[in-house]
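Coordinate analysis (summary)
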Amino acid sequence: MDFNLTEEHLMIQQAARDFAQNELLPGVIERDEKQIFPTEQVKKMGQLGFMGMMVDPKYGGSGLDAISYVIAMEEISKVDASASVVMSVNNSLVCWGLQEFGTEEQKQKYLPGLASGEIHGAFCLSEPEAGSDATSQKTTAIDMGDHYLVNGTKNWITNGNTASVYLVIAQTHPELKHKGINALIMTKDMPGFSIGPKEQKMGIRGSDTHSLMFSDVKVPKENRIGEDGFGFKFAMKTLAGGRIGIASQALGIASGAYELALKYSKERKAFGTEICNHQAIAFKLADMAVNIEAARHLCMKAAWDKDQHKNYDVSGAMAKLFASQVAMDTAVEAVQIHGGNGYVKEYHVERFMRDAKITQIYEGTSEIQKIVISRSVIAG
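Residues numbered from 1 in each chain as written. Predicted model: local features only at pLDDT ≥ 70, side-chain atom pairs only at ≥ 80, totals over all residues. Heavy atoms only, no water.

Bringing the nonpolar core into the picture now. Residues Met45, Phe50, Met87, Leu98 and Leu167 are the most contacted members of the largest nonpolar core, which totals 91 residues. A total of 16 residues in this core trace back to one element, the largest contributor, which is helix α7 (residues 231-267). Setting aside its immediate chain neighbours within four residues, methionine 87 contacts Met45, Phe50, Met51, Met53, Tyr69, Ala72, Met73 and Ile76. In terms of nonpolar packing, the next biggest core, distinct from the first, is built from 18 residues, Tyr148, Ala163, Met190 and Phe193 among them. (Core = buried A, V, L, I, M, F, W, Y, C linked by side-chain atoms within 4.5 Å. Buried < 20%, exposed > 50% of the residue type's maximum accessible area, 1.4 Å probe, protein only. Helix = DSSP H or I, 4+ residues; strand = E, 2+ residues; numbered from the N terminus. Contact = heavy atoms within 4.5 Å.)

On to helix α8 (residues 279-307). End to end, α8 covers 42 Å across 29 residues, agreeing with the expected 42 Å (1.5 Å per residue, within 8%). Among all positions in α8, only Ile281, Leu285, Met288, Ile292, Ala295, Cys299, Met300, Ala302, Ala303, Asp305 and Lys306 are buried. Those residues of α8 that are buried lie in contact with α4 (66-77), α5 (81-101), α7 and α9 (313-338). A positive phi of about 60° marks histidine 309, the residue just after α8. (Expected span 1.5 Å × (residues − 1).)

For the structure shown, the criterion picks out nine aromatic pairs. Pairing phenylalanine 101 with phenylalanine 234 gives two aromatic rings, centres 5.8 Å apart and planes at 80°, and the pair type is edge-to-face. With phenylalanine 101 in helix α5 and phenylalanine 234 in helix α7, this pair connects stretches of sequence that are 133 residues apart. Note on phenylalanine 234: relative accessible area 0%, which makes it buried. Among the aromatic residues, those joined into a cluster by ring pairs are Trp96, Phe101, Phe123, Phe230 and Phe234. Directly above the aromatic system of tyrosine 148 lies the positively charged group of lysine 221, at a separation of 5.3 Å from the ring centroid. One residue, arginine 351, lies across the ring of phenylalanine 352, its end atom 5.3 Å from the ring centre. (Phe/Tyr/Trp six-rings, centres within 6.5 Å; stacked < 30°, edge-to-face > 60°. Lys NZ or Arg CZ within 6 Å of the ring centre and 35° of its normal.)

In this numbering, the UniProt entry assigns the feature "domain: Acyl-CoA dehydrogenase/oxidase C-terminal" (unreviewed entry) to residues 231-377. As a span, residues 231-377 carries 78% helix and 3% strand, and end to end its C-alpha atoms are 27 Å apart. (UniProt positions renumbered as here; feature names shortened; annotations may be inferred.)

Turning to the environment of glycine 113, a few remarks are in order. With respect to the helices and strands, glycine 113 occurs in helix α6 (residues 104-116). In this structure, the C-alpha to C-alpha distance between glycine 113 and glycine 52, residues 61 residues apart in sequence, is 9.4 Å. Once residues lying within four places of it in the same chain are set aside, the contact partners of glycine 113 are Glu118 and Ile119.

This next bit is on the pairing of strand β1 (residues 121-124). Alternating positions in β1 separate into two faces, Gly121 and Phe123 on one and Ala122 and Cys124 on the other, with burial throughout. Both β1 and strand β4 (residues 165-171) contribute to a ladder of four bridges, which runs parallel. Residue pairing across strands places phenylalanine 123 opposite leucine 167, the latter belonging to β4. (Pairing = 2+ DSSP bridges.)

Right, let's talk about unusual backbone geometry for a bit. One non-glycine residue, glutamine 35, lies in the positive phi region at around 55°. With respect to the helices and strands, the residue glutamine 35 is situated in the loop between α2 (28-34) and α3 (39-47). With a relative accessible area of 13%, glutamine 35 lands in the buried category. Positioned with a positive phi, phenylalanine 271 is a non-glycine residue whose angle comes to about 55°. Here phenylalanine 271 is to be found in the loop between β9 (269-270) and β10 (273-274).

Turning our eyes to something else, we now look at the UniProt feature "domain: Acyl-CoA dehydrogenase/oxidase N-terminal" (unreviewed entry) in the protein. Mapped onto this structure's residue numbering, the UniProt feature "domain: Acyl-CoA dehydrogenase/oxidase N-terminal" (unreviewed entry) falls at residues 6-118. Across residues 6-118 one finds 71% helix and 0% strand; the C-alpha atoms that close the span lie 29 Å apart.

Further remarks concern the pattern of salt bridges. Counted by the stated rule, this structure contains 18 salt bridges. For arginine 296, the salt bridge identified is with glutamate 74, shortest N-O distance 2.7 Å. Residue arginine 296 is located in helix α8, and its partner glutamate 74 is located in helix α4; the two are separated by 222 residues in the primary sequence. Residue classification places arginine 296 among the partly exposed positions, given a relative accessible area of 23%. When the shortest N-O distance is used, the salt bridge between glutamate 350 and arginine 354 registers 2.8 Å. Here arginine 354 and glutamate 350 lie together in helix α10 (residues 349-358), a separation of four residues that amounts to about one turn. Each member of the salt-bridge network shares a partner with another, and the members are Arg17, Glu75, Lys78 and Glu259. (Salt bridge = Lys/Arg side-chain N within 4 Å of Asp/Glu carboxyl O.)

All right, on to the packing of α5 against α7 then. At a minimum axis separation of 9 Å, α5 and α7 run at an interaxial angle of 155°. Judged on the interaxial angle alone, α7 and α5 are roughly antiparallel. Relative to α7, α5 is oriented so that their crossing is right-handed. Between α5 and α7, the residues in contact are Ala81, Ser84, Val85, Ser88, Ser92, Leu93, Trp96, Gly97 and Phe101 and Phe234, Lys237, Thr238, Leu239, Gly241, Gly242, Gly245, Ile246, Gln249 and Ile253, respectively. Here the contact of α5 with α7 is built from residues that sort into nine nonpolar, nine polar and one charged. (Axes fitted to C-alpha atoms, helices over the stretch in contact; angles between N-to-C directions. Parallel < 35°, antiparallel > 145°, perpendicular 65-115°, else oblique. Left-handed = near helix turned anticlockwise from the far one by under 90°. Nonpolar A, V, L, I, M, F, W, Y, C, P; charged D, E, K, R; others polar.)

Right under this line is the structure:
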């Protein structure tokens with residue numbers, strides 16, 4: 001085992017850190033408060049290669065490994081989780097799904113723009129009655145010969161209004177249940193495609209979350225990903241990698257909150273000394289450091305499994321389950337260490353606490369991760 005980062009990994013880490021501090025930190029509180037999508041920052045992420053990190057260079061991507069992706073996600077999430085979720089969805093769900101399962105024509109048509117950050121994508125699985133139970137798709141894609149006719153609603157779609165490419169999961173053969181589901185590439189300019197109001201969210205308020213409605217949308221057959229009925233398997237395989245991205249986001253939120261708490265504890269004085277010298281605070285910092293390091297190792301292990309072409313369903317689920325809990329716990333304690341200052345926006349940690357919660361919910365709730373892990377444990 002080698003726990004050292006390569007020179008290339010260290011360069012990526014520094015580039016992501018510099019970008020986060022110089023480009024994301026200014027204005028992050030205002031973007032959160034006013035729910036402003038980080039349009040210019042996302043474009044710059046694309047220019048730096050962060051929007052198509054694992055995309056083959058022949059399609060305009062960076063051609064990097066999953067470990068590089070984890071490293072960059074952590075650094076960007078330390079400052080702005082709203083920006084990092086745009087990056088995560090584009091990399092893990094949209095670009096990876098298209099590159100792994102799309103036709104050559106689909107890759108040539110969509111990947112260069114997505115990888116460069118010129119455009120970005122959305123992954124459309126959740127519905128009003130299909131969240132954790134992704135098999136219960138009510139959105140239909142009726143086979144009309146040379147096209148599908150799509151009707152239905154998708155909920156909680158990240159990049160819902162700002163995306164240009166949408167990967168939509170829909171039911172074509174209800175009698176086959178999950179084996180009758182398809183994955184279709186859609187664009188918002190298709191007649192009958194409409195976008196609902198922006199969601200008023202507790203956290204990641206700078207990201208763009210909407211419901212999508214489809215009314216007799218004609219989607220050409222060539223926009224289907226994989227064989228007829230491949231859609232559910234496509235969604236599950238894609239989400240397995242997406243969990244590594246969200247685990248890395250959670251890791252970054254925890255790391256960012258911890259760094260701010262540590263810095264504050266060395267500046268704030270109480271009872272005649274810096275508060276880091278009081279055991280009550282020192283022990284909180286110790287717990288944070290241990291849990292963050294453990295979460296980082298789980299994220300790296302899942303990324304390594306992916307890079308080695310091993311099955312990463314369980315390692316990704318473990319990373320997401322643990323890192324999301326660490327993000328929540330660390331952010332809460334960071335607020336506590338800041339005391340009254342932790343409850344106001346200018347110290348950032350209250351935002352980390354609000355942002356952390358969603359990492360336990362999206363791309364598979366913590367409960368779903370436990371189902372994945374427990375099934376593996378029981379099966380041996």
